Amino acid sequence: MSRTLLAASASALLAGASLSGVFQPGTAAEVTDFSPLHQKAKYFQKDLLDKHWLDGLYVSIVPSAPPGRKFPHTVDQPGNVIHAGVWTGRYLGGVGYQYAVTKDPWVRRQGGEILRALRILQEVTGKPGLLARGYVKGHGPVEDWERHGADSVEWHQGQGPYADYRWYGDVSVDNFNAVLYGYAIYFDLAADAAQKQFIAQDVDRLMTHLLENHCRIMDVDGEVTRWGHVGIDPDPARDDYYRKQYGSYLSRLNTTNGAWQPPLRSSLMLLPDLLIARHITGKPRYQEFYQRVVGRFKDNPDRLRDSGPFSLERLARVNHSSEGQAYEALYNLIRYERDPELLKIYRPWVSQLWEMNWMEGNSLFTWMTLALLPEYRAPQKPGLTAIKPEEIPHAAEAARLALETLKVFPVDRVFRPVMNSLRQDIELNPHQSARNGKQSAKPVPINQRPLDNEYAWKGNPYQLDGWLKPAVTMFQFSCDDPQVAWFSDNTGGLFMTRNGGKDWRNVSDGLMGARVQNFAASTNRTFVLHALTDKGVFLTRDGGLSWRAMPEDVKPTFSAPDFKRWQIVSERWALRIDDASELVRSTDGGRSEKACMAGWRIPKANSVFITPQGVVAGGPGGCYQSRDGERWTELKLWREDETGAADFLHAYWMARYYGFIKKDG
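Fair warning: this is a prediction, and the values are worked out from it, not measured in the lab. (Residues numbered from 1 in each chain as written. Predicted model: local features only at pLDDT ≥ 70, side-chain atom pairs only at ≥ 80, totals over all residues. Heavy atoms only, no water.)

## Here's the deal with the overall build of the protein
As a reminder of what qualifies: In DSSP terms, a helix is any run of H or I states spanning at least four residues, a strand is any run of E spanning at least two, and both are numbered starting from the N terminus. For the radius of gyration, the atom set is restricted to C-alpha positions; the globular benchmark scales as 2.2 Å times the number of residues to the power 0.38. Relative accessibility thresholds used throughout: buried, under 20% of the residue-type maximum; exposed, over 50%; partly exposed, between the two (1.4 Å probe, protein chains only). Contacts between residues were defined by any pair of non-hydrogen atoms, one from each residue, lying within 4.5 Å. Only the protein chains shown count as covering a residue, and every accessible area follows the Shrake-Rupley method with a 1.4 Å probe. Positive charges come from Lys and Arg alone, negative charges from Asp and Glu alone, with His and the N- and C-terminal ends not counted. In this description, the location of a charge corresponds to atom NZ of lysine, CZ of arginine, CG of aspartate or CD of glutamate.
Scanning the protein for helices and strands turns up 16 helices and 27 strands. Over its C-alpha atoms the protein spans a radius of gyration of 28 Å, differing by no more than 12% from the 26 Å that the globule rule assigns to 665 residues. Evaluated residue by residue, the protein yields a buried proportion of 55% over its 665 residues. Of the contacts made within the protein by residues no fewer than 6 positions apart, 62% connect residues no fewer than 24 positions apart. Within the structure as shown, the protein displays about 28,300 Å² of accessible surface, and the carbon and sulfur contribution to it stands at 50%. Side chains of the protein carry 80 positive and 77 negative charges; the gap between the two charge centres is 2 Å.

Structure below.
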């Protein structure tokens, strides 16, 4: 089918499907972290549609805003569309469960918008079967995501009907598989006949692209994407290619005879895709290819997983994001497989995952495990469980923890600094890994841990710290306008406000990559300042909008306060940072001191500046301003972002479908 006809069929299928003004659940004032789950679900869904919805595409991270705020999601005001495809696919699965439970026509219309967005992810690339990671509308550099050219290599402008879209390429296996995961669940539980045909067309194109390229995702430049190997082609003619591709992998497996014997589990991401494609399209070639993969690899030794009994040492090495992908793959692999001999291979893979995470309160992993073990059992009808928890190790306790996670799932989705490593009540894991660093020995409750950056179920429940603020290295006000100020931080940026700190603008772009180490504002001209950088001294006469390098013999004076020494605020009091990184205050010339950090998010300081407008002090929890050193007001120096709650909605509606949660839970 041509692109024109596909676009036309999408328009016909989804005509009139706009969700604007249809869904009007409770407001933020009515919902708290401890509200009933159905109320939280309504609130999260409205918030998702208000802030994170781009005509069916779920944009996970957006600038923090009050409830009800709408975002246009253009190049000038985008969210994190670089990962939009993967989360949209998973959210589609949640919408499938929601429709199965509610049979609400509005939910099916929402699913239709998502299907249209996922088709645009294919169409916008101009290459049949190739997904984009995500897109925004408009032309030009994508604000905050394409600056400095760091990400521009994968950004492209759409062509033809999609000329007004800016899209991001280099799609990876997790994006690809999440979309197929969502298609499979929605197809089975929610799609009408037209939507099923629509899904079948898109699945066929995706899988045709994959198989024609030997189980690889080929980008618009004709090269394999960075993480584009979905599985291993069983054709022996491809063995040399994979020997080169996975040379280090072979070494880790201690393969001594040189034989190419990849285990079947190395194609875990591919196997469910083939069964999904067979199920949805009805085409036998996908089943035939599946049988070739299984026949070639199933008898090879499986040394992929870090096995053995549970231990804190093993726990320290766990990659929780990879475990989420494995669960997602196994869920549909076991749902669709009928061969008892293959199920004897696949089910232990679930059991091995379960051994390491049943105690974590991961709602999604728990519901999946209870559905898959000891055999897959669909509910007798949506909400009426057919599952027998007593047949699964730890099932009752795990279900209790999973439900508790949803009950305390935080309504506030803003990324705020968390530093649990300071707490004395948390037992530390004595082992560390390069990936995970310092961790707790037991899972941290979800309302106390740092927010995962986009999807709670792939997050590390043992993570202690996160979203810590940069250290402020200098803060100065303009000589004659208290509404104008600058600060620099240890990322090398320089920022300016012209409205008393309501908004801050990065003014270091004109330094062409030079990192600001210090700066000095003029004592008699409003917008003149010098910046000391790792590439020399620069001067601006317009507050930082433009810069020019200064001759080497020009050496302005830059102050470098010692924050551990007393900073004299007035003749009556002074401040300093003590050896424990606490900000302390003295009113007797330093003979005595006491901590003065009431209201700080994290009681640690790393800088303090005496300014004409009061004291400004900062630490990993943020930056604060005070007139007396006792009452502090937080300064929002850096933009705050927030994430949506597609993860909660996915797990909640899955639990409702399987009967783990009742309607009024």
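## A look at the nonpolar core
Inside soluble globular proteins, nonpolar side chains tend to come together where they are buried. Rule in force here: For this analysis, a nonpolar core means a set of buried residues of the types Ala, Val, Leu, Ile, Met, Phe, Trp, Tyr and Cys, connected via side-chain atoms within 4.5 Å.
If you look at the biggest cluster of nonpolar residues, it comprises 145 residues, and the most contacted ones within it are Y183, Y346 and F648. In terms of residues, this core owes the most to one element, helix 5 (residues 173–189), which gives eleven residues. Sequence-distant contacts of Y346, defined by excluding residues within four places in its chain, comprise L264, L271, Y290, V294, L330, L333, I334 and E337. The next biggest cluster of nonpolar side chains, apart from the first, holds 42 residues, and it includes M474, F475, W486 and L637.

## Quick look at the side chain of D452
Mapped onto the secondary structure, D452 falls in the loop between strand 9 (418–419) and strand 10 (465–466). Overall, D452 belongs to the buried group, its relative accessible area being 18%. Not counting chain neighbours up to four residues away, the residues in contact with D452 comprise F415, K458 and G459.

## Brief notes about the pattern of salt bridges
Here the idea is simple: oppositely charged side chains can pair when their charged atoms come close. Note the cut-off: The term salt bridge refers to a pairing of a side-chain nitrogen on Lys or Arg with a carboxyl oxygen on Asp or Glu at a separation within 4 Å.
With the rule as written, the count across this model stands at 32 salt bridges. We note a salt bridge from D50 to K70, for which the minimum N-O separation is 2.8 Å. Of the two residues, D50 sits in helix 2 (residues 37–51) while K70 sits in the loop between strand 3 (61–63) and helix 3 (84–102), which places them 20 residues apart along the sequence. Measuring nitrogen to oxygen at the nearest pair gives 2.9 Å for the salt bridge that ties R243 to D240. With R243 and D240 both in helix 7 (residues 239–245) and three residues apart, the pair spans about one turn of that helix. Overall, R243 belongs to the partly exposed group, its relative accessible area being 32%. For D240, a relative accessible area of 52% translates into the label exposed. Through salt bridges with shared partners, a single ionic network connects D412, R416, E634, K636 and E640.

## Quick notes on the sheet that holds strand 15 (residues 516–521)
How we decide: Note on pairing: DSSP must find at least two bridges between two strands before they are called paired.
If you trace the four strands from one edge of the open sheet to the other, you get 15-16-17-18, paired in antiparallel fashion. Two strands in the sheet have a free side with no partner beyond their single neighbour: strand 15 and strand 18 (548–549). Summarising the sheet, strand 15 and strand 16 (residues 529–533) pair through five bridges and their orientation is antiparallel. Bridged to A521 within strand 16 is L529.

## Thoughts on helix 6 (residues 193–212)
Defined as follows: To estimate the expected span of a helix, subtract one from its residue number and multiply by 1.5 Å. The definition of a polar contact used here is a pair of N or O atoms within 3.5 Å, where within protein one atom must be able to donate a hydrogen and the other to accept one, and adjacent residues in sequence count solely through side-chain atom pairs.
Given a rise of 1.5 Å per residue, 20 residues ought to cover 28 Å, and the 28 Å separating the end C-alpha atoms of helix 6 matches this to within 8%. The buried fraction of helix 6 amounts to 15 of the 20 residues, a majority that puts the element mostly inside the structure. Where helix 6 begins, one side-chain oxygen reaches toward the backbone nitrogen of A194, 3.2 Å away; that side chain belongs to D192. At the exit of helix 6 stands H214, carrying a positive phi of roughly 60°.

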